[in-house]
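# Structural characterization, general
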Amino acid sequence: TRLLVQRGVYDAYLATLSAVAGHIRVGDPLAADTMMGPVITETALKRISGMIERGVDQGGRIVCGGERLGGDHADGFFLPVTILADVSNDSEIARHEVFGPVLVVTPFDSEDEAIALANATDYGLGAYVHTQNLRRAHAVTAQLQAGMIHVNGSGEAMQPNCPFGGWKKSGHGRLGGVEGLHEFLQPKNIWMNLSPPEA
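Residues take numbers from 1 onward in each chain, read along the sequence in its written order. Given that the model is predicted, a residue must reach a pLDDT of at least 70 before its local features are reported, and side-chain atom pairs must reach 80 or more before they are shown or counted; all residues, however, enter totals for whole chains, interfaces and linings. Here the side-chain values reflect all heavy atoms present in the structure, with hydrogen atoms and water set aside.

For the rest of this paragraph, the subject is the pairing of strand 6 (residues 126–129). For every residue, the accessible area (1.4 Å probe, protein chains only) is compared with the maximum for its type, and the residue is labelled buried under 20%, exposed over 50%, or partly exposed between those bounds. Each helix is a run of H or I in the DSSP string that is no shorter than four residues. Each strand is a run of E no shorter than two, and both are numbered from the N terminus. Burial along strand 6 is one-sided: the face carrying Ala-127 and Val-129 is buried and the face carrying Gly-126 and Tyr-128 is not. Between any two strands, pairing holds if DSSP finds at least two bridges. Bridge count between strand 6 and strand 7 (residues 148–151): four bridges; the pairing is parallel. Following the sheet pairing, Gly-126 is matched in strand 7 by Met-148. Following the chain from strand 6 across helix 5 (residues 134–143) to the adjacent parallel strand 7, one finds a crossover that is right-handed. By convention a crossover is right-handed if, when the strands point away from the viewer, the path from the first strand over the helix to the second runs clockwise.

Expected helix span is given by 1.5 Å per residue-to-residue step, counting one fewer step than there are residues. For helix 2 (residues 42–57), built from 16 residues, the straight-helix expectation of 22 Å at 1.5 Å per residue is met to within 8% by its first-to-last C-alpha distance of 22 Å. Contacts are assigned to residue pairs that have any heavy atoms within 4.5 Å of one another. Where helix 2 is buried, its residues meet strand 2 (61–64), strand 3 (82–85), helix 3 (92–95) and strand 4 (102–108). With its phi angle positive at about 110°, Gly-59 sits one or two positions after the end of helix 2.

Our focus in this paragraph is the pairing of strand 3. Residues Thr-82 and Leu-84 line one face of strand 3 and the alternating positions Ile-83 and Ala-85 line the opposite face, and both faces are buried. Strand direction decides the pairing type here: strand 2 and strand 3, joined by three bridges, are antiparallel. Considered in strand 3, the bridge of Arg-61 is made with Ala-85. Direction of pairing for strand 3 relative to strand 4: parallel, over a ladder of three bridges. Residue pairing across strands places Leu-84 opposite Val-104, the latter belonging to strand 4.

Turning next to unusual backbone geometry. At Phe-99, a position not held by glycine, the phi torsion is positive, near 55°. Topologically, Phe-99 is positioned in the loop between helix 3 and strand 4. Not every positive phi belongs to a glycine, and Asn-152 is a case in point at roughly 55°. Here Asn-152 shows up in the loop between strand 7 and strand 8 (167–168).

The following block contains the structure:
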């Protein structure tokens with residue numbers, strides 16, 4: 001839900017994101033040309049829309065989307081891909097999981113600032129780093145507080161022999177790998193003194 005973009009490419013990146021979002025066809029999930037269906041309930045739609053509105057009230061600006069679809073989709077729970085830019089990392093929509101088609105974009109100036117912004121949340125399931133600098137990839141991933149981190153891609157880390165799980169309030173424990181097997185074990189610490197006390 002959050003994207004941190006280096007300030008030097010921020011405006012160009014937002015333009016690209018908006019163009020990509022505009023090609024995502026929202027509609028009947030059973031239709032062959034649909035790329036994204038509705039959110040699950042009216043309650044979910046109102047919750048997501050409320051988060052977007054409060055994000056704007058807290059200084060964010062809508063780049064695309066943001067409003068429930070009308071026309072043929074007016075009776076459904078359809079919300080287009082919404083991009084909210086210039087969002088303060090202190091705002092609700094930046095600090096909580098939206099569980100909806102919303103991307104929050106925040107600029108950063110330095111590597112240290114990006115790491116601080118990324119870690120300033122109660123959640124840490126996954127993170128993504130995009131860079132051509134191998135040193136930077138190692139330095140940043142070592143400091144990110146997330147259970148699964150992808151560098152320049154996604155999906156390859158989801159292997160059965162690799163642990164899956166989050167940090168902080170994201171998930172409980174681990175699945176997969178040796179760490180996942182530990183979830184089924186009950187460790188026991190036994191301290192034994194074989195020298196009986198004197199009478």
